[in-house]
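# Tertiary structure, described
This is what each chain is made of:
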Amino acid sequence: MKGYLCLQDGTSFEGEVSQHFDRSVQGEVVFFTGMTGYQEVLTDPSYKGQIVVFTYPLIGNYGINDEDGESKEIQVSGVVMYQCAETPSHFQARKSLGSYLDEQNIPYMTEVDTREVTKAIRAEGTQQAALSFETDYLFKPTKTHQIQQVCGETIDTYGEAGVHVALIDFGWKKSILNALLERGVRVSVLPFSKIEMLDTLQPDAIVLSNGPGDPKDTVDFLPFLKKALEKFPAFGICMGHQVIALAFGGDTTKLTFGHRGANHPVKDVVSGKVFLSSQNHNYVVKEGSLNGTPLVTRFYNVNDGSIEGLMHEKKLIMSAQFHPEAHPGPKDAEWLFDHFLTLVKNKGVKAHVS
């Protein structure tokens with residue numbers, strides 16, 4: 001059955017809609033350039049409400065397994081592919097990608113020239129789009145505050161002993177939790193709306209998670225966050241990186257089409273080394289906005305020069321715009337977890353800024 005991907009600028013692309021497609025769906029259209037990792041992308045809360053275009057031509061060839069989901073359900077609003085493999089080939093596969101999407105009532109389109117769609121997004125920027133049976137889709141007002149849609153409501157603790165880390169939940173990925181647990185850390189997941197509970201938890205350190213949407217949606221909680229950052233060692237990842245900058249007086253801005261993929265090169269100012277990273281974000285910290293703050297750039301993007309990580313001049317506070325836990329993507333940056341936890345255990349700042 002024919003359907004259309006309609007962009008808000010009036011451009012449309014024809015394709016085949018999924019068998020269970022029975023309604024139009026609207027969302028911010030973004031593209032992901034990785035060859036693998038579609039299950040992680042679909043379940044990552046950072047993609048909440050978005051329509052994801054996979055640039056790689058064949059998606060779904062290794063199916064869906066029981067291990068790679070980043071949350072309990074699919075978070076995206078829709079999916080656009082050139083080809084969706086009907087028969088997966090992998091020993092861990094439990095179902096096909098198409099059946100997985102159908103089970104959760106997520107519409108998708110195939111036989112779409114996804115690279116042409118990507119070129120349109122790059123040219124005109126990230127925008128609202130819709131999967132529809134018609135090309136004249138009437139766009140609805142956009143939804144904001146996606147963080148509130150994915151943030152949990154309870155404080156949950158994982159692990160038995162070791163360094164106690166509070167994972168501030170803006171829409172956390174399972175891989176971040178696993179990366180901490182693998183290092184013998186006890187983790188308490190704390191909704192960002194309950195950040196004042198840190199004084200009760202009294203963790204050894206805090207990790208600020210990834211999350212969807214605009215980091216400025218957290219503005220009401222920044223005073224509480226600033227107080228926490230003055231008290232606890234902290235490591236911010238993606239959204240967590242951005243809100244750390246906001247809390248100390250920095251600013252953020254939206255990229256034209258964002259960074260989403262598993263091979264973005266990042267340079268470490270301290271070591272001079274370049275490594276590949278997994279990324280998923282629309283917003284970045286504005287470099288000029290850090291003037292007069294205690295934050296300095298630690299990492300930057302080799303492709304466009306945007307800020308990819310920060311560190312505090314005096315306190316044990318560090319951040320990464322990319323995902324050191326990867327999933328999907330290379331594990332080049334996993335050392336950041338070890339580096340942070342070593343500093344926390346040693347209670348030292350000198351090694352952090354040297």
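Within any chain, residue numbers begin from 1 and follow the written order of that chain's sequence. Local features in this predicted model are restricted to residues whose pLDDT is 70 or higher, and side-chain atom pairs enter the listing and the counts only when it is 80 or higher, whereas totals over whole chains, interfaces and linings include all residues. Only hydrogens and water are removed before side-chain values are computed, so all heavy atoms of the structure are retained for them.

A few words on the overall build of the protein chain. Secondary structure elements follow DSSP: runs of H or I of four or more residues count as helices, runs of E of two or more count as strands, with numbering from the N terminus. Secondary structure assignment for the protein chain yields 10 helices and 19 strands. Taking 20 Å as the expected radius of gyration for a compact globule of 354 residues, we find that the protein chain reaches 20 Å, a close match to that expectation. Principal-axis analysis of the C-alpha atoms gives the protein chain an extent of 60 × 45 × 35 Å. Expressed as a percentage of the 354 residues in the protein chain, the buried residues total 56%. By sequence separation, contacts in the protein chain at least 24 residues apart represent 73% of the contacts at least 6 residues apart. Positive residues here are Lys and Arg, negative ones are Asp and Glu, while His and the chain termini are left out of the count. Here the site of a charge means NZ on Lys, CZ on Arg, CG on Asp, or CD on Glu. Seen as two clouds, the 32 positive and the 43 negative side-chain charges of the protein chain have centres 7 Å apart. Taken over C-alpha atoms, the radius of gyration is set against a globule rule of 2.2 Å times the number of residues to the power 0.38. For every residue, the accessible area obtained with a 1.4 Å probe (protein chains only) is divided by the maximum for its type, and the residue is called buried under 20%, exposed over 50%, and partly exposed between those limits. A contact between two residues is defined here by any heavy atoms of the two lying within 4.5 Å.

With that settled, consider the environment of His312. Considering the arrangement of structural elements, one finds His312 in strand 18 (residues 307–312). Sequence-wise, His312 and Pro265 are 47 residues apart; in three dimensions their C-alpha atoms are separated by 23 Å. Polar contact is the term for a pair of N or O atoms within 3.5 Å; when the atoms are in protein, one must be able to donate a hydrogen and the other to accept it, and sequence-neighboring residues count only if both atoms are side-chain atoms. Separated by 2.9 Å, the side chain of His312 and the backbone nitrogen of Lys314 make a polar contact.

With nine of its nine residues buried, helix 8 (residues 239–247) lies for the most part within the structure. Residues of helix 8 that are buried: Met239, Gly240, His241, Gln242, Val243, Ile244, Ala245, Leu246 and Ala247. Where helix 8 terminates, the next one or two residues include Gly249, which has phi positive at roughly 100°.

Our focus in this paragraph is the pattern of salt bridges. Salt bridge criterion: a side-chain nitrogen from Lys or Arg within 4 Å of a carboxyl oxygen from Asp or Glu. Per the counting criterion, the structure on display carries 14 salt bridges. Here Glu16 and Lys2 are joined by a salt bridge, their closest N and O atoms 3.3 Å apart. One end of the pair, Glu16, is in strand 2 (residues 12–17); the other, Lys2, is in strand 1 (residues 2–7), with 14 residues separating them in the sequence. Between Lys231 and Asp199 there is a salt bridge, with its nearest N and O atoms 3.0 Å apart. Pair noted here: Lys231 is in helix 7 (residues 222–231) and Asp199 is in helix 6 (residues 198–201), with a separation of 32 residues, a long-range link. When its relative accessible area of 48% is taken as the criterion, Lys231 is described as partly exposed. Through salt bridges with shared partners, a single ionic network connects Lys2, Glu14 and Glu16.

To continue, consider the layout of surface pockets. In this analysis the probe radius is 1.4 Å and the grid spacing 1 Å, with only protein atoms considered; a cavity is a set of points the probe fits into but cannot get out of, a pocket is an open set with protein on both sides within 12 Å along at least five of seven lines, and lining residues have an atom within 4 Å of a point. Grid points are joined across faces, edges and corners, and a volume is the space filled by probe spheres set on the points. A volume near 830 Å³ is recorded for the largest pocket. In this structure, the largest pocket is lined by 35 residues; those nearest its centre are Glu28, Gly49, Gln128, Lys143 and Gln146. Residue assignment for the lining of the largest pocket shows that the elements contributing at least two residues are strand 3 (25–32), strand 9 (127–132), helix 4 (146–150), helix 8, strand 15 (252–268) and strand 16 (274–285). Residue classes in the lining of the largest pocket are distributed as seven nonpolar, 19 polar and nine charged. One number sums up the size of the second largest pocket: a volume of about 650 Å³. Forming the walls of the second largest pocket are 29 residues, and the residues nearest its centre are Glu70, Ser71, Lys72, Gln75 and Trp172. Elements represented by at least two residues in the lining of the second largest pocket include exactly helix 1 (38–43), helix 4 and strand 10 (156–158). Think of it as three bins: nonpolar holds Ala, Val, Leu, Ile, Met, Phe, Trp, Tyr, Cys and Pro, charged holds Asp, Glu, Lys and Arg, and polar takes everything else, Gly as well.

A few words now on the sheet that holds strand 14 (residues 234–237). Hydrogen bonds between backbone groups are what pair the strands of a sheet, and the pairing can be parallel or antiparallel. At least two bridges found by DSSP between two strands is the condition for calling them paired. Here we have 10 strands laid out as an open sheet, ordered 10-12-11-13-14-19-18-17-15-16, and mixed in their pairing. Looking at strand neighbours, the two that pair on one side only are strand 10 and strand 16, the edges of this open sheet. Between one strand axis and the next, the sheet turns through 25° on average, direction left out of account. Summarising the sheet, strand 13 (residues 205–208) and strand 14 pair through three bridges and their orientation is parallel. From the neighbouring strand, Leu208 faces strand 14, where its bridge partner is Gly236. For helices, the fitted axis covers only the stretch in contact; all axes are lines through C-alpha atoms, and the angles between them, taken along N-to-C directions, range from 0 to 180 degrees.

Turning our attention to the side chain of His259. Here His259 shows up in strand 15. A polar side-chain atom of His259 sits 3.2 Å from a polar atom in the side chain of Gln279. A polar contact of 2.7 Å, which involves the side chain of His259, links it to the side chain of Asp304. When sequence neighbours within four positions are dropped, the list of residues in contact with His259 reads His264, Gln279, Asn280, His281, Asn301, Asp304, Ser306 and Glu308.

Interaxial distance between helix 7 and helix 8 falls to 9 Å at its minimum, and their mutual angle equals 95°. In terms of axis orientation, helix 7 runs roughly perpendicular to helix 8. Within the contact between the two elements, helix 7 uses Leu222, Leu225, Lys226 and Leu229 and helix 8 uses Val243, Ile244, Leu246 and Ala247. Grouping the amino acids of the contact of helix 7 with helix 8 by side-chain chemistry returns seven nonpolar, no polar and one charged. These descriptions rest on fixed angle ranges, namely under 35 degrees for roughly parallel, over 145 for roughly antiparallel, 65 to 115 for roughly perpendicular, and the rest for oblique.

Looking at the protein chain, pLDDT values average 95 and 98% of them are 70 or higher. Residue-level confidence of the predictor is what pLDDT reports, using numbers from 0 through 100. For the stretch residues 349–354, pLDDT sits under 50, and the model shows 18 contacts to residues farther than four places along the chain or on other chains.

Next up on the list: the state of the cysteines. Cysteine sulfur atoms that come within 2.5 Å of each other are treated as a disulfide pair. Taken as a whole and judged by the stated rule, the model has zero disulfides. Not engaged in a disulfide, the cysteine Cys238 finds its nearest cysteine sulfur in Cys151; these two sulfurs lie 16 Å apart.

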